[in-house]
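Notes for the structure review
Here is what each chain is made of, one letter per residue.
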Amino acid sequence: MAKKTNEQAPRLQVRLATPADVPALVELTGRIYSAEWGYSAEMLRSQQTHFPAGQFVVEYEGKVVGYCATFRIDEATALAPHSWTQITAGGMASRHNPDGDWLYGMEVVVHPDFRGMRIGQRLYQARKRLCTDLKLRGIVFGGRIPGLAKNIRRYGSPEAYVQAVIEGQRRDPTLSFQLNNDFEMIGLLPGYVASDHESLGYAAHLVWRNPRLLDQPDTPSPPSPQRLPDLVRVASVQYQQRRIGSFGEFATQVEYFTDIAADYNADFVAFPELITLQLLSIENTELSPVESIRKLSHYTPQVKELFSRLAVHYNINIIAGTHPTEQANGDIHNVCYVCLRDGSLHEREKLHPTPSERNVWNITGGESAATIPTDCGPIGVMICYDAEFPEVARHLIDQGALILFVPFCTDVREGYLRVRYCAQARAIENQCYVVMSGNVGNLPGVVNFDIQYGQSCILTPSDFPFARDGIAADSTPNIETVLFAELRLESLARARNAGAVHNLKDRRFDLYETRWRPR
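Residues numbered from 1 in each chain as written. Predicted model: local features only at pLDDT ≥ 70, side-chain atom pairs only at ≥ 80, totals over all residues. Heavy atoms only, no water.

Within this structure, the stated rule accounts for 22 salt bridges. Its salt-bridge partner being Arg233, residue Glu486 comes within 2.5 Å of it at the nearest N-O pair. Of this pair, Glu486 sits in strand β20 (residues 481-488) while Arg233 sits in strand β8 (residues 231-241), and the two are 253 residues apart along the sequence. The class of Glu486 is partly exposed, set by a relative accessible area of 43%. For Arg233, a relative accessible area of 26% gives the class partly exposed. Of the charged contacts in the structure, one is a salt bridge between Arg242 and Glu480, with a shortest N-O distance of 2.8 Å. Of this pair, Arg242 sits in the loop between β8 and α9 (247-263) while Glu480 is found in the loop between β19 (471-474) and β20, placing the two residues 238 residues apart along the sequence. Classification of Arg242 by relative accessible area gives partly exposed; the value is 27%. Salt bridges sharing common partners tie together Arg15, Asp21 and Glu59. (Salt bridge = Lys/Arg side-chain N within 4 Å of Asp/Glu carboxyl O. Helix = DSSP H or I, 4+ residues; strand = E, 2+ residues; numbered from the N terminus. Buried < 20%, exposed > 50% of the residue type's maximum accessible area, 1.4 Å probe, protein only.)

Pasting the structure below:
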C-alpha cells in the first residue's frame, strides 16, 4: 500500500504550449472571439513551429484557461506603424525573426470563467521573463482601447481620450491595465484591427523596455562598445588623520588602503575630503590659515603623481579625496582628483565652499560639474557640502551618472548628519548609488581641522531591489576602517524603468526645469 503524503500537485501552472494543446486553444479563442475570428489549428501550429519558446498556456486543474502568443521581430518593424494582420502575417507568426531584438506580443486571452485569478498577469510575467532571459530590448504590441467608442464624443479624438487615460482622468479597461503593468505608450496605430469596433479600429502602440539592459533611455551605456559590468564593487576608506613626518609616510598610508581595496577586487576606492591636510603636520610650523592652504598646494604635483601611479599599479579607479589646489589666477579650489586605472586623471572642484572654508581658508568654489566616463559607467563627484544642493546631483544624473561619490569632512555629528541625510535623499530622488568617505581622528596644530566626526557609508535607493534600509554598507563612527559593497547596476535599471516609483521619469518638465548656465 502506497504511503500517504501531505503533498499536493499544483492546481495552476504556466507552461509552454505544445501541439497537444491546439484543440483546446481553438476552443478557447473561439469562445473569446467567435468561431469565425478565433485561431485555427493551422495558425496555432504555425506559431509553435516558428517560435515554440514564445507560446505559453495557463492550465488550471487540467484545463487550458489562458494563452499567450509571441514572436521575435526587429526594432525598425516593431516600432513603425503597422496593423495586426501585417505584423503577425495574419496570425501565423511567420514574420518571426530569430535575430529580432524585440518580443512582439501577438495575443493574450483568458477564459471568461477564470478571470479574477490574475491569469493575464501571469502570462505577462512569463513574457517579461522570456524577454529578459533572451536579453531582448523589450516587448512591443498594439493594445486594444475598448473604451474609445463610448467616449469619443466626449473627448473629440482618440488622442484626447488616450491622454485622459494616461493622466488618470479616465479608466480604460485594457489600456489602464497595460499602463499599470509598466508599459508605456509611444503612439496610436490607426486601422490596427478594423473589426474592433469598441476601439474604432485603433490600438495603443505600447512598449515595455527590458530593465536589465543598461542602455535603455534612463540608464545610459558607457561611451565605448564595452558593456557595463553587472556588478561594481566599491570600497570606501574611513581615514584616520594622524601626525606624519614626510610625504613618504602619507604615500605609504594611502598605498596601504589602495592595496587592501585592490586585494578585494574593488573597482573603485574612495578617500575623504581634505585628506591631504595631514601633510601640514610634517613641518609643524605656525602659519596663518590662508598661508597653510597655499603651502599645502605646493604638494599638488606629488599628490597627482601618487594617486595616478597607484590607480594603474593596483588596477583600480581611485577617488582621491580632495586637495586644496591653487589656480592660475591665485584662487584656491578644493579639488578632487579622480585617477582611473587606464592612467587618465580627472579634476572635479567643490562648487559650494562652506562658510568656514570661505572665511578661514579663503577657498572659492569651482564652476562646473561633469560626469567622468569609467569602465564601470559614468560617475559623478559631489564634495561634502555639494551633496546638500539637489541641483548638483540631478545635473550629474541627467548626464548619465550611476554612482555619486561624496568625499566629506565634518567636525561634529550634526554636520555629518546634514551630509548623510542629504546624500540619502540624493540616492532616492535620483535612483542612484552614493558612496560617502570621511575622515576620523585629529591633527593638533592644523587650523580649522581640530576634530573629526566620520561614519562612512554606501547608500542605495529605497526600493525592493536594494538593501532594506537603503544602506548597502555602513561603518562604526570614528574608527579607521574600509567598507565594501557590491552594487548591481541592473538594479538601478530595474528601479528606474519598473520600480515602485519612477522619480526620474515622473518629473514635471511641463512645470519646472533646472538649467545650468554655461561658464
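Most of strand β17 (residues 433-441) is tucked away, with eight of its nine residues classed as buried. One ladder, built from three bridges, connects β8 with β17; its direction is parallel. Residue pairing in the sheet places Gln240 in a bridge with Val440 of β17. Summarising the sheet, strand β16 (residues 403-408) and β17 pair through six bridges and their orientation is parallel. If you follow Pro407 over to β17, its bridge partner there is Ser437. Once you follow β16 into helix α14 (residues 413-430) and on to β17, the crossover reads as right-handed. Pairing between β17 and strand β18 (residues 457-459): three bridges, direction antiparallel. Opposite Val434, over in β18, you have Leu459 as the bridge partner. (Pairing = 2+ DSSP bridges. Right-handed = clockwise from strand over helix to strand, strands pointing away.)

On the secondary structure map, Asp196 appears in the loop between β6 (184-189) and β7 (203-209). The exposure class of Asp196 is buried, given its relative accessible area of 10%. A distance of 2.9 Å separates polar atoms of two side chains, one belonging to Asp196 and the other to Arg144. In this structure, Asp196 is in contact with Arg144 and Gly201, ignoring residues within four places of it in sequence. (Polar contact = N/O pair within 3.5 Å; in protein donor to acceptor, adjacent residues only side chain to side chain. Contact = heavy atoms within 4.5 Å.)

Among the six residues that make up β16, six are buried, leaving the element largely enclosed by the rest of the structure. Residues Ile403, Phe405 and Pro407 line one face of β16 and the alternating positions Leu404, Val406 and Phe408 line the opposite face, and both faces are buried. Bridge analysis of strand β15 (residues 377-381) against β16 gives three bridges, and the strand direction is parallel. In the sheet register, Val381 faces β16, and the bridge partner there is Phe405.

A separate point is the packing of helix α1 (residues 22-33) against helix α2 (residues 41-50). In contact at an axis separation of 9 Å, α1 and α2 are set at 120° when each is read in the N-to-C sense. By the angle class used here, α1 and α2 are oblique. Between α1 and α2 lies a crossing whose hand is right-handed. For the pair α1 and α2, contact is made by Val22, Leu25 and Val26 and by Ala41, Leu44, Arg45 and Gln48, respectively. Class assignment for the residues of the contact of α1 with α2 results in five nonpolar, one polar and one charged. (Axes fitted to C-alpha atoms, helices over the stretch in contact; angles between N-to-C directions. Parallel < 35°, antiparallel > 145°, perpendicular 65-115°, else oblique. Left-handed = near helix turned anticlockwise from the far one by under 90°. Nonpolar A, V, L, I, M, F, W, Y, C, P; charged D, E, K, R; others polar.)

Another point: helix α6 (residues 148-155). Those residues of α6 not exposed but buried are Leu148, Asn151 and Tyr155. Angular distribution of buried residues about the axis of α6 spans 85°; they occupy a single face of the element. In α6, the exposed positions that point more than 90 degrees away from the buried face belong to Lys150 and Arg153. On its buried side, α6 packs onto α7 (158-166). Positioned one or two residues after α6, Gly156 has a phi angle of 85°, which is positive. (Arc of directions from axis to C-beta.)

This paragraph deals with the sheet that holds strand β2 (residues 55-60). Strand-to-strand pairing in sheets goes through backbone hydrogen bonds, with the strands running parallel or antiparallel. Within the open sheet, the seven strands sit side by side as β1-β2-β3-β4-β5-β7-β6. Their pairing is mixed. Two strands bound the open sheet, and with one partner strand each, they are β1 (12-16) and β6. Across this sheet, the average inter-strand angle for adjacent strands is 25°, counted without regard to direction. Alignment of β2 against strand β3 (residues 63-73), held across six bridges, turns out to be antiparallel. What sits directly across from Gln55, in β3, is Ala69. Across the sheet, α1 is in contact with β2, β3 and β4 (102-110); its angle to β4 comes to roughly 75°. Running over the sheet, α2 touches β2, β3 and β4 and is turned about 55° from β3.

A separate point is the side chain of Gln241. For Gln241, the location among the structural elements is in strand β8. On the accessibility criterion, Gln241 (1% relative accessible area) is buried. A distance of 3.4 Å separates the side chain of Gln241 from the backbone oxygen of Ile275, its partner in a polar contact. For Gln241, the residues in contact, after removing those within four places along its chain, are Leu274, Ile275, Gln278, Asn439, Val440, Gly441, Asn442, Leu443 and Phe449.

Two aromatic rings are characterised by how far apart their centres lie and by the angle between their planes. One pass over the structure, following the stated rule, counts 19 aromatic pairs. A centroid spacing of 5.7 Å and a plane angle of 70° characterise the contact between Tyr155 and Tyr161, whose relative ring orientation is edge-to-face. The class of Tyr161 is buried, set by a relative accessible area of 0%. For the ring pair Tyr264 and Phe484, a centre distance of 4.8 Å and an interplane angle of 35° mean the geometry is tilted. Of this pair, Tyr264 sits in the loop between α9 and β9 (268-271) while Phe484 sits in strand β20, and the two are 220 residues apart along the sequence. Among the aromatic residues, those joined into a ring-pair cluster are Tyr124, Phe141, Phe177 and Phe183. The ring of Tyr124 carries the charged tip of Arg127 above its face, separated from the ring centre by 5.4 Å. Of note, Arg127 hangs over the ring of Phe141, and the distance from its end group to the ring centre comes to 5.9 Å. (Phe/Tyr/Trp six-rings, centres within 6.5 Å; stacked < 30°, edge-to-face > 60°. Lys NZ or Arg CZ within 6 Å of the ring centre and 35° of its normal.)

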